[in-house]
Amino acid sequence: MSRSRPDSSLRRLNVPALLGGAQVRFTPLMQKRLTRHAEGMIGRSLSYFPELQGKPITVGFSRVHLGSAVMSRKRDSAPQLVIRLRVRNLTYQTIGHELTHLVQGLSLGNQPGAGYERIPSGETQCDIWTLARHELFCDDPPTYIKLPPLMRELWPNYAAAVRRLCVAAIDKRSVLLPYIRWLESEIATLARPSWQEKKPPAQLTLPFSD
């Protein structure tokens, strides 16, 4: 990723939050495309990431992908946190996913005692921890967790149940190594109707004349 020197003219967003505020800078390209609604979504999402409060975060524009995240480190300096988002059809799930990637990077860094939650690396892991963080990030189905096609089509009907399974999977991780396999198995079971819900086939009746 190519980077330029920080531009003091970049528009800044001071996100009010119970645990402080993240210092957000929008790149010039993002400023041209950023809507008030999208800006509000980013601010609201950040309020659920106390690990990122008080940290400078650069938000850029993505032309192709829904979103991306990069955390670069230099010796004896704070890590640079960057996410890119596609503003069109932006969802909380996408914003939360990319912010979770930043927390993944911080938790894997050599910062003992920094207080970051240990989130394992990986895209599927990122999906799990994003959904588990708050129901706000369940407005769209995750990209990397395996979901049956029907569940993706009817996601609002399954979102809360899948989130509960993600929370349970994180709890099981300490005692169950293949916790992702367990989660996706439970999700597949959730999508299958039980036998009680299956209606017997209707009896065929034919018209008979007296």
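Report follows, based on the coordinates.

Criteria and cut-off values
- Residues numbered from 1 in each chain as written.
- Predicted model: local features only at pLDDT ≥ 70, side-chain atom pairs only at ≥ 80, totals over all residues.
- Heavy atoms only, no water.
- Helix = DSSP H or I, 4+ residues; strand = E, 2+ residues; numbered from the N terminus.
- Polar contact = N/O pair within 3.5 Å; in protein donor to acceptor, adjacent residues only side chain to side chain.
- Contact = heavy atoms within 4.5 Å.
- Axes fitted to C-alpha atoms, helices over the stretch in contact; angles between N-to-C directions.
- Left-handed = near helix turned anticlockwise from the far one by under 90°.
- Nonpolar A, V, L, I, M, F, W, Y, C, P; charged D, E, K, R; others polar.
- Parallel < 35°, antiparallel > 145°, perpendicular 65-115°, else oblique.
- Buried < 20%, exposed > 50% of the residue type's maximum accessible area, 1.4 Å probe, protein only.
- Phe/Tyr/Trp six-rings, centres within 6.5 Å; stacked < 30°, edge-to-face > 60°.
- Lys NZ or Arg CZ within 6 Å of the ring centre and 35° of its normal.
- Core = buried A, V, L, I, M, F, W, Y, C linked by side-chain atoms within 4.5 Å.
- Expected span 1.5 Å × (residues − 1).
- Arc of directions from axis to C-beta.

By the element assignment, histidine 101 lies in helix α3 (residues 92–108). A distance of 3.0 Å separates polar atoms of two side chains, one belonging to histidine 101 and the other to glutamate 123. Not counting the four nearest positions on each side in its chain, histidine 101 is found in contact with Ala69, Gly122, Glu123 and Cys126.

On to the packing of helix α4 (residues 123–133) against helix α7 (residues 179–191), then. Contact geometry for α4 and α7: axes closest at 11 Å, N-to-C directions at 60°. Relative to α7, α4 is oriented so that their crossing is left-handed. When α4 is examined against α7, the residues Thr124, Gln125, Ile128 and Trp129 are found in contact with a partner set consisting of Tyr179, Ile180, Leu183 and Glu184. Of the residues contributing to the contact of α4 with α7, the split by class is five nonpolar, two polar and one charged.

Taken N-terminus to C-terminus, the directions of helix α2 (residues 36–46) and α3 make an angle of 50°; their axes are 10 Å apart at the nearest point. The pairing of α2 with α3 is recorded here as oblique in orientation. Considering how the two elements wind past one another, α2 and α3 form a crossing that is right-handed. Contact residues: α2 offers Met41, Ile42, Arg44, Ser45 and Leu46, while α3 offers Tyr92, Ile95 and Leu99. Partitioning the contact of α2 with α3 into residue classes produces six nonpolar, one polar and one charged.

Moving on, we come to the side chain of glutamine 53. As for its position among the elements, glutamine 53 is in the loop between α2 and β3 (56–61). Judged by relative accessible area, which is 13%, glutamine 53 ranks as buried. Of note is the side chain of glutamine 53, whose polar atom sits 3.1 Å from the backbone oxygen of phenylalanine 49.

Moving on, we come to the packing of aromatic side chains. Under the defined criterion, the tally for this structure stands at three aromatic pairs. Centroid distance tryptophan 129 to tyrosine 179: 6.3 Å. Interplanar angle 85°. Geometry classified as edge-to-face. Residue tryptophan 129 is found in helix α4, and its partner tyrosine 179 is found in helix α7; the two are separated by 50 residues along the sequence. On the accessibility criterion, tyrosine 179 (7% relative accessible area) is buried. Residue placement shows arginine 33 over the ring face of phenylalanine 61; its charged tip is 4.7 Å from the ring centre.

Core analysis: the biggest nonpolar cluster contains 47 residues, and Leu52 and Val59 have the highest contact counts within it. It is helix α6 (residues 155–172) that contributes the most residues to this core, seven residues altogether. When near neighbours in sequence (up to four residues on either side) are disregarded, valine 59 contacts Val24, Arg25, Phe26, Thr27, Met30, Ile42, Ile83 and Leu85.

With 13 residues, α7 should cover 18 Å at 1.5 Å per step; its first-to-last C-alpha distance of 19 Å lies within 8% of that length. Looking at α7, one finds that the buried residues are Tyr179, Leu183, Glu184, Ile187 and Ala191. Down the axis of α7, the buried set is contained in an arc of 135°. They therefore lie on one face. On its buried face, α7 is in contact with α4, α5 (149–153) and α6.

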